[in-house]
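Below are the chains, spelled out letter by letter.
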Amino acid sequence: MEMTRRSLSYRDVERLLADRSAGAQIETLQNVISELQSEGLSYEARRMAEGVVQAYSRTAEQSVREALAWQIAHSSILDRDLAERLSRDVASVAFPVLRYSQELDDALLLEVIAEGDGRKQVAVAMRDEVSARVSDALVDQGSEDAVVALMGNSGATIPDPAYDRALDRFESAPAVAHAVAGRNELPAHIAEKLVHRVAEEMRRTLVARYNLSPVLLRGFVDHARESVTALMLQPVAGRQGDLDVFVEHLLVNNRLSPSLMLRALCAGDVGFFIVALAKLCRIAPDNARCLALQGGALGLRAAFEKAGIPTALMPPFSSAIEVVNELGDTEGDDSHRHAFQVRALSRVFGANSANEDPAVDELLRQLFDGKPEPVVQQAMDDAGIPFAPVFARG
């Protein structure tokens with residue numbers, strides 16, 4: 001049987017004031033809130049009901065305030081003053097208001113974050129929309145749980161530099177790294193930093209568990225990490241700002257290797273090769289392009305010497321540059337990219353496979369990592385070699 005709704009009366013108010021038990025207060029508040037949401041009250045009754053809510057948001061015991069906050073977190077009853085009061089209450093009261101209320105501006109949220117209460121910070125991090133200012137504050141001042149919640153929130157606007165700060169601040173917290181890794185459209189240099197972190201973690205675990213040689217294992221881990229880094233180049237190549245940051249990140253972390261540069265060149269990521277060479281030489285990208293692509297053997301040698309790249313590695317680079325000058329850039333053209341890769345692999349391997357320099361041998365070996373099987377097979381066919389090469393590791 002459906003109960004007949006009754007309007008709030010003075011008797012309700014008298015009962016609320018007389019019965020101090022939490023159960024009675026919560027029950028009567030439920031009735032008050034229901035009446036306010038019905039919009040059927042007279043002006044006088046509405047003012048009385050609003051007064052009851054305001055009074056108990058200030059003076060009721062904690063369990064009553066918690067019940068009130070959860071009941072009105074999504075309601076129009078929660079005006080700005082009431083939302084601010086409840087958000088400054090203890091965390092169990094403030095949580096639903098901080099999580100759901102649209103009455104709170106960034107200035108207030110920043111004050112709440114600065115209080116240092118982890119539960120409140122998590123509530124802010126979980127809001128449907130989190131501004132860049134609030135995200136910055138959470139990354140710099142928030143608890144680990146709050147930063148994990150922020151990174152997992154698709155409605156949060158997170159400035160690129162905040163990812164670096166989060167990973168640096170919580171360097172030993174895998175949960176933060178995993179949450180960052182789950183973000184959509186992650187900046188390329190952040191993705192590469194995550195790859196590095198996972199690789200280092202894997203290396204330490206293997207050394208400890210299996211008593212492997214750290215030097216030997218580092219070589220294998222670095223090789224695997226470079227393979228993954230090479231896969232990131234194509235999405236970044238068309239965004240000059242991201243490309244500059246990505247290359248700078250690799251340079252600062254000593255991971256801008258000749259092998260990675262040759263991989264990029266043979267994959268058609270010419271822009272990465274040029275920016276990398278420019279940063280190593282500390283010259284403008286246009287100058288690096290002229291030296292490497294238009295300066296012949298003399299220009300490439302000058303660039304290598306200034307960049308600190310062994311000139312013994314020039315031959316495979318020269319072969320790849322010949323293909324660049326013949327076919328041009330591959331950016332934005334997947335079919336052209338396939339043809340470029342086939343010719344580059346064929347030319348570089350065919351022209352340099354007889355080179356007995358161990359460093360050149362290592363460069364050639366790495367060229368085939370991560371390449372699609374059809375590309376490798378066609379390149380070998382074009383080079384007149386019936387099988388993909390196998391290299392011994394020394």
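Basis of the calculations
Residues numbered from 1 in each chain as written. Predicted model: local features only at pLDDT ≥ 70, side-chain atom pairs only at ≥ 80, totals over all residues. Heavy atoms only, no water. Helix = DSSP H or I, 4+ residues; strand = E, 2+ residues; numbered from the N terminus. Buried < 20%, exposed > 50% of the residue type's maximum accessible area, 1.4 Å probe, protein only. Contact = heavy atoms within 4.5 Å. Areas by Shrake-Rupley, 256 points an atom, 1.4 Å probe, with all protein chains shown as cover. Arc of directions from axis to C-beta. Phe/Tyr/Trp six-rings, centres within 6.5 Å; stacked < 30°, edge-to-face > 60°. Patch = residues over 30% accessible without salt bridge, like charges linked within 9 Å, V, L, I, M, F, W, Y side chains within 5 Å. Salt bridge = Lys/Arg side-chain N within 4 Å of Asp/Glu carboxyl O. Lys, Arg positive; Asp, Glu negative; His and termini not counted. Charge placed at Lys NZ, Arg CZ, Asp CG, Glu CD. Core = buried A, V, L, I, M, F, W, Y, C linked by side-chain atoms within 4.5 Å.

Caption draft 1: Looking closely at the overall build of the protein chain. Per the secondary structure count, the protein chain includes 24 helices and zero strands. Looking at the 394 residues of the protein chain, the share that counts as buried comes to 47%. Long-range pairs, those at least 24 residues apart, make up 61% of the contacts in the protein chain between residues at least 6 apart in sequence. About 19,600 Å² of surface is accessible on the protein chain, with carbon and sulfur atoms providing 51% of the total.

Caption draft 2: Region of interest: helix α12 (residues 174-181). Among the residues of α12, those classed as buried are V176, A177, A179 and V180. Down the axis of α12, the buried set is contained in an arc of 165 degrees. They therefore lie on one face.

Caption draft 3: Quick look at the packing of aromatic side chains. Applying the stated rule across the entire model yields four aromatic pairs. Centroid distance F304 to F317: 5.1 Å. Interplanar angle 80 degrees. Geometry classified as edge-to-face. Placement of F304 in helix α20 (residues 296-307) and of F317 in helix α21 (residues 314-327) is noted, with a sequence separation of 13 residues between them. Put simply, the rings of F273, F304 and F317 touch in pairs and so form one group of aromatic residues.

Caption draft 4: Structural view of a negative patch on the surface. Together, E50, D79, D81 and E103 line one region of the surface with negative charge. In this structure, D79 sits in the loop between α4 (62-72) and α5 (80-87). D79 sits in the partly exposed class, given a relative accessible area of 34%.

Caption draft 5: Local environment of the pattern of salt bridges. Counted by the stated rule, this structure contains twelve salt bridges. Across the pair D136 and R165 runs a salt bridge whose closest N-O atoms are separated by 2.8 Å. With D136 in helix α9 (residues 132-141) and R165 in helix α11 (residues 160-169), this residue pair connects regions lying 29 residues apart in the sequence. A relative accessible area of 24% means that D136 is categorised as partly exposed. You can call R165 partly exposed: its relative accessible area is 29%.

Caption draft 6: Local environment of the nonpolar core. By size, the foremost hydrophobic cluster in this structure holds 56 residues, and its most contacted members are M151 and V180. In contact with M151, other than residues within four places in its own chain, are V139, I158, Y163, A166, A179, V180 and R183. In this structure, L265, C266, F272 and V360 belong to the second largest nonpolar core, which totals 44 residues.

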